[in-house]
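Listed below, chain by chain, are the residues.
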Amino acid sequence: MRVGIGFDSHRLIEGRKLILGLVEIPFERGLAGHSDGDVLSHAIADALLGAAGLGDIGQHFPDSDPAWSGASGAVFFSRILELLREKGYRPASVDTVVILERPKLAPHRDAIRQALAAALGLDCDAVNIKAKTAEGLGEIGHGQAAAAHAIAVLEPL
Ligand code: MG
C-alpha cells in the first residue's frame, strides 16, 4: 500500500466557469488557472502522483505547455492512471477537503463523488469529499480563492 498527499489553491475570478471535482457548479465566478482551475482534481492528482513517487502535477502537466490550456482534470487523471499502471498500482481510495466560502458544495457533493469515482475507476464510497468554509478568514474567507487537500491510497494491481 502507498499513501500520498496533495494540495492546491486557485483564485476565484469573474468570467470563468467553476469546475470542482470534474463537475461544473453554477456560480458567478470560477477558478483562475492555465487549465480549468479545478483545485479538487489537482489536489487529488498530486496525491496520486505522490503516492507512487512520481513527483507532482507541475512536472507532468507544466502550465508553460499550451497542450494543457483549459485542460480538464479528467485528462490529467487518465494519464496519471497510466503512469500508476506502469508502476503496478491502482487507486484504492481518496479522501479530500475543499475549502470554499461560496457556493455551498453540499448539493453537488454526490455528483462530484460520482464523477471522480468514474474517472478514477473507484466505487463512490472510496471517494470522500469534505466541504469546509474558512469562517470568513483570509482570502478564501473573503471569497477570493478556493483550496483543496487530498490524500490518496494506492494498492498493487
Ligand atoms: Mg491547480
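Structure report, in brief.

Criteria and cut-off values
- Residues numbered from 1 in each chain as written.
- Predicted model: local features only at pLDDT ≥ 70, side-chain atom pairs only at ≥ 80, totals over all residues.
- Heavy atoms only, no water.
- Helix = DSSP H or I, 4+ residues; strand = E, 2+ residues; numbered from the N terminus.
- Expected span 1.5 Å × (residues − 1).
- Buried < 20%, exposed > 50% of the residue type's maximum accessible area, 1.4 Å probe, protein only.
- Patch = residues over 30% accessible without salt bridge, like charges linked within 9 Å, V, L, I, M, F, W, Y side chains within 5 Å.
- Areas by Shrake-Rupley, 256 points an atom, 1.4 Å probe, with all protein chains shown as cover.
- Salt bridge = Lys/Arg side-chain N within 4 Å of Asp/Glu carboxyl O.
- Pairing = 2+ DSSP bridges.
- Right-handed = clockwise from strand over helix to strand, strands pointing away.
- Phe/Tyr/Trp six-rings, centres within 6.5 Å; stacked < 30°, edge-to-face > 60°.
- Donors = N, O, S within 2.8 Å, 3.2 Å for Na, K, Ca; no water.
- Core = buried A, V, L, I, M, F, W, Y, C linked by side-chain atoms within 4.5 Å.
- Contact = heavy atoms within 4.5 Å.

Attention now goes to helix 1 (residues 39–51). Counted at 1.5 Å a residue, the expected span for helix 1 with its 13 residues is 18 Å, and the 18 Å between its end C-alpha atoms agrees. Taken across its 13 residues, helix 1 has 12 buried, putting it largely inside the fold.

Moving on: a nonpolar patch on the surface. A cluster of nonpolar side chains, contributed by Met1, Val3, Ile5 and Ile151, occupies part of the molecular surface with about 460 Å² of accessible area. Looking at where Val3 falls in the secondary structure, it is placed in strand 1 (residues 2–14).

Take unusual backbone geometry next. Most peptide bonds are trans, and most residues other than glycine sit at a negative phi. Put simply, Arg102 and Pro103 share a cis peptide bond, and its omega is -5°. By the element assignment, Pro103 lies in the loop between strand 5 (89–99) and helix 4 (109–120). If you check the backbone angles, Leu22 has positive phi at about 75° while not being a glycine. Relative to the elements of secondary structure, Leu22 occurs in the loop between strand 2 (18–20) and strand 3 (23–25). The phi dihedral of Glu135 falls on the positive side, at around 55°, and the residue is not glycine. By the element assignment, Glu135 lies in the loop between strand 6 (127–132) and helix 5 (138–141). Taking relative accessible area as the criterion, Glu135 reaches 68% and is therefore assigned exposed.

On to the pairing of strand 5. For strand 5 and strand 7 (residues 145–156), the ladder comprises 10 bridges, and the chain directions are antiparallel. Each bridged residue has a counterpart across the sheet, and for Ile99 the counterpart in strand 7 is Ala147. Between the parallel elements strand 5 and strand 6, the chain passes through helix 4 in a crossover that is right-handed.

Applying the stated criterion across every chain, the model contains 3 aromatic pairs. Measuring from centroid to centroid gives 4.9 Å for Phe61 and Trp68, while their planes differ by 90°, and the two rings are edge-to-face. When sorted by exposure, Phe61 lands in the same class as Trp68, which is buried. The interplanar angle of 70° and the centroid separation of 5.9 Å between the aromatic rings of Trp68 and Phe76 together place this pair among those described as edge-to-face. Residue Trp68 is classed as buried on the basis of its relative accessible area, which comes to 18%. Phe76 gets classed as buried once you look at its relative accessible area, which sits at 3%.

A word on the coordination of the magnesium ion. For the magnesium ion, the protein coordination sphere consists of Asp8 (OD), His10 (NE2) and His42 (ND1), at 2.0 to 2.2 Å. Its relative accessible area of 16% is what places Asp8 among the buried residues. Given the relative accessible area of 15%, His10 is considered buried.

So, about the nonpolar core. If you look at the biggest cluster of nonpolar residues, it comprises 46 residues, and the most contacted ones within it are Leu20, Leu40, Ile44, Leu48 and Leu84. Every element with two or more residues in this core is listed here: strand 2, strand 3, helix 1, helix 3 (73–86), strand 5, helix 4, strand 6 and strand 7. For Leu84, the residues in contact, after removing those within four places along its chain, are Leu48, Ala52, Leu54, Tyr89, Pro91 and Leu154. By size, the runner-up hydrophobic cluster in this structure holds 5 residues, among which are Ile99, Ile140, Ala145 and Ala147.

Treat this as a map of the structure, not an account of what it does.
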